Amino acid sequence: MNVALASVPAEPGQQNEDFAAVAPGAAVLLDGAGVAGAQTGCIHGVAWFSSTLGGLLLGSITAHPAQPLADCLADSIRGVRSLHEDTCDLTYRASPTSTVIAVRAGAGALEYLVLGDSTLLLTSGEGETTAVTDRRLDQVGKRLRGPLDALPTGSPEHAAALAEYRDALTGLRNRPGGFWIAGPDPLAAEHALAGTVPLESLASVTLLSDGATRLVDKFALVDWRGLLAVLDSTGPDGLLRRVRDVEGDDPDGRRWPRGKAHDDATVVHWPLS
């Protein structure tokens, strides 16, 4: 198993709330989230939540190869909850949450699970790419973010609109008609996208947080095959540098409206052939 991994925080010196890890035949990537400018209700914070959940999940999917990934995720959410429900307010609106991608190879197939707006990129031996992304958050967000996108990123007005937008999103979290994400309730695992793909059909598997997919889904400068070409030529570090370069050319979000000028960005690239 030969895996390349790169991760950078949104700003130098800032805590990275993404988490990624690999084990023989398995990988996980999580993108932690809170509510900007708000206390989380958790004394540990978002980075602790995503890394603790990610560590427990990787351990579960490797220790229990016959257990479905959704069940492993539900058990891991329960495990994290048990670690801090006596010290933290997990009913608070800004309690930490996280996207989740998990993959596991075995018995000739790759199992996958995707929850939230991180992306799993599956590439065939012929170079065809399939992106598995949970779009429910994007669909909800499009209904709410019009006033936000009209303002320059980083301005006081943008910050106020962003807070209102995220408050509105929080009200639709983990409920029908909204979107699903890993938090204190293991029920969210039942709503993850899950499936299997024959291993022999795959050339590579790539896990990306939404900070790393901006060249495709935010800036529309390349498609998924183009992103894979950047990965193949420069590796995950090169892809993240390219993202930062493009962000630097539009610091106010005038060309590409976005909630943050920069975001935590993580890539796990696993060639299978």
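Rules used throughout
- Residues numbered from 1 in each chain as written.
- Predicted model: local features only at pLDDT ≥ 70, side-chain atom pairs only at ≥ 80, totals over all residues.
- Heavy atoms only, no water.
- Salt bridge = Lys/Arg side-chain N within 4 Å of Asp/Glu carboxyl O.
- Helix = DSSP H or I, 4+ residues; strand = E, 2+ residues; numbered from the N terminus.
- Buried < 20%, exposed > 50% of the residue type's maximum accessible area, 1.4 Å probe, protein only.
- Polar contact = N/O pair within 3.5 Å; in protein donor to acceptor, adjacent residues only side chain to side chain.
- Contact = heavy atoms within 4.5 Å.
- Core = buried A, V, L, I, M, F, W, Y, C linked by side-chain atoms within 4.5 Å.
- Axes fitted to C-alpha atoms, helices over the stretch in contact; angles between N-to-C directions.
- Parallel < 35°, antiparallel > 145°, perpendicular 65-115°, else oblique.
- Left-handed = near helix turned anticlockwise from the far one by under 90°.
- Nonpolar A, V, L, I, M, F, W, Y, C, P; charged D, E, K, R; others polar.
- Patch = residues over 30% accessible without salt bridge, like charges linked within 9 Å, V, L, I, M, F, W, Y side chains within 5 Å.
- Areas by Shrake-Rupley, 256 points an atom, 1.4 Å probe, with all protein chains shown as cover.

**Student:** Quick question: what am I supposed to make of the pattern of salt bridges here?
**Tutor:** A complete count under the given rule lists nine salt bridges for this structure. In this structure, R225 and E128 form a salt bridge, with 3.5 Å as the shortest nitrogen-oxygen distance. Taken together, the residues span a long stretch of sequence, with R225 in helix α7 (residues 224-248) and E128 in the loop between β6 (119-124) and β7 (129-133) at a distance of 97 residues. Owing to a relative accessible area of 45%, R225 belongs among the partly exposed residues under this scheme.

**Student:** Just checking my understanding: could you explain the side chain of S98 for this structure?
**Tutor:** Within the secondary structure, S98 sits in strand β4 (residues 97-106). Given a relative accessible area of 0%, S98 falls into the buried group. A distance of 3.4 Å separates the side chain of S98 from the backbone nitrogen of D31, its partner in a polar contact. For S98, the residues in contact, after removing those within four places along its chain, are L30, D31, G32, F49, S50, I181 and A182.

**Student:** Hey, could you run me through the nonpolar core in this one?
**Tutor:** Taken as a class, soluble globular proteins show a tendency for nonpolar side chains to be buried jointly. Of all hydrophobic cores here, the largest spans 26 residues; its most connected members are V28, L53, L57, I61, L73, V100 and L115. Contributions of two or more residues to this core are made by β2 (18-23), β3 (26-33), α1 (46-63), α2 (69-84), β4 and β5 (109-115). With six residues, the top contributor of residues to this core is α2. The contact partners of L57, leaving out residues within four places of it in the chain, are V28, C72, L73, S76, V100 and A102. In this structure, L208, A212, L231 and A265 belong to the second largest nonpolar core, which totals 20 residues.

**Student:** Can you help me understand the packing of helix α3 (residues 136-144) against helix α5 (residues 156-170) in this one?
**Tutor:** For any two helices packed against each other, one specifies the crossing angle of their axes together with the interaxial distance. Between α3 and α5, the least distance of the axes is 10 Å, while the angle of their chain directions is 130 degrees. By the angle between their axes, α3 is oblique relative to α5. In this structure, the crossing between α3 and α5 has a hand that is right-handed. Along its contact with α3, which presents L137, V140, G141 and L144, the element α5 presents Y165, A168 and L169. Of the residues in the contact of α3 with α5, the class split is six nonpolar, one polar and no charged.

**Student:** Mind showing me how you'd approach the side chain of T213 here?
**Tutor:** Here T213 shows up in the loop between β9 (202-208) and α6 (214-217). Among the residues examined, T213 registers a relative accessible area of 0% and is labelled buried.

**Student:** Which parts of the structure should I look at to understand unusual backbone geometry?
**Tutor:** Glycine aside, a negative phi is what most residues show, and trans is what most peptide bonds show. Despite not being glycine, A107 shows a phi value in the positive range, around 50 degrees. On the secondary structure map, A107 appears in the loop between β4 and β5.

**Student:** Looking at this structure, I do not really get a nonpolar patch on the surface. What am I missing?
**Tutor:** A grouping of M1, L5 and V22 is seen on the molecular surface, where their side chains present a nonpolar patch of about 270 Å² in accessible area. Looking at the secondary structure, you find L5 in strand β1 (residues 4-8). In this structure L5 comes out as partly exposed when scored by relative accessible area, which is 42%.

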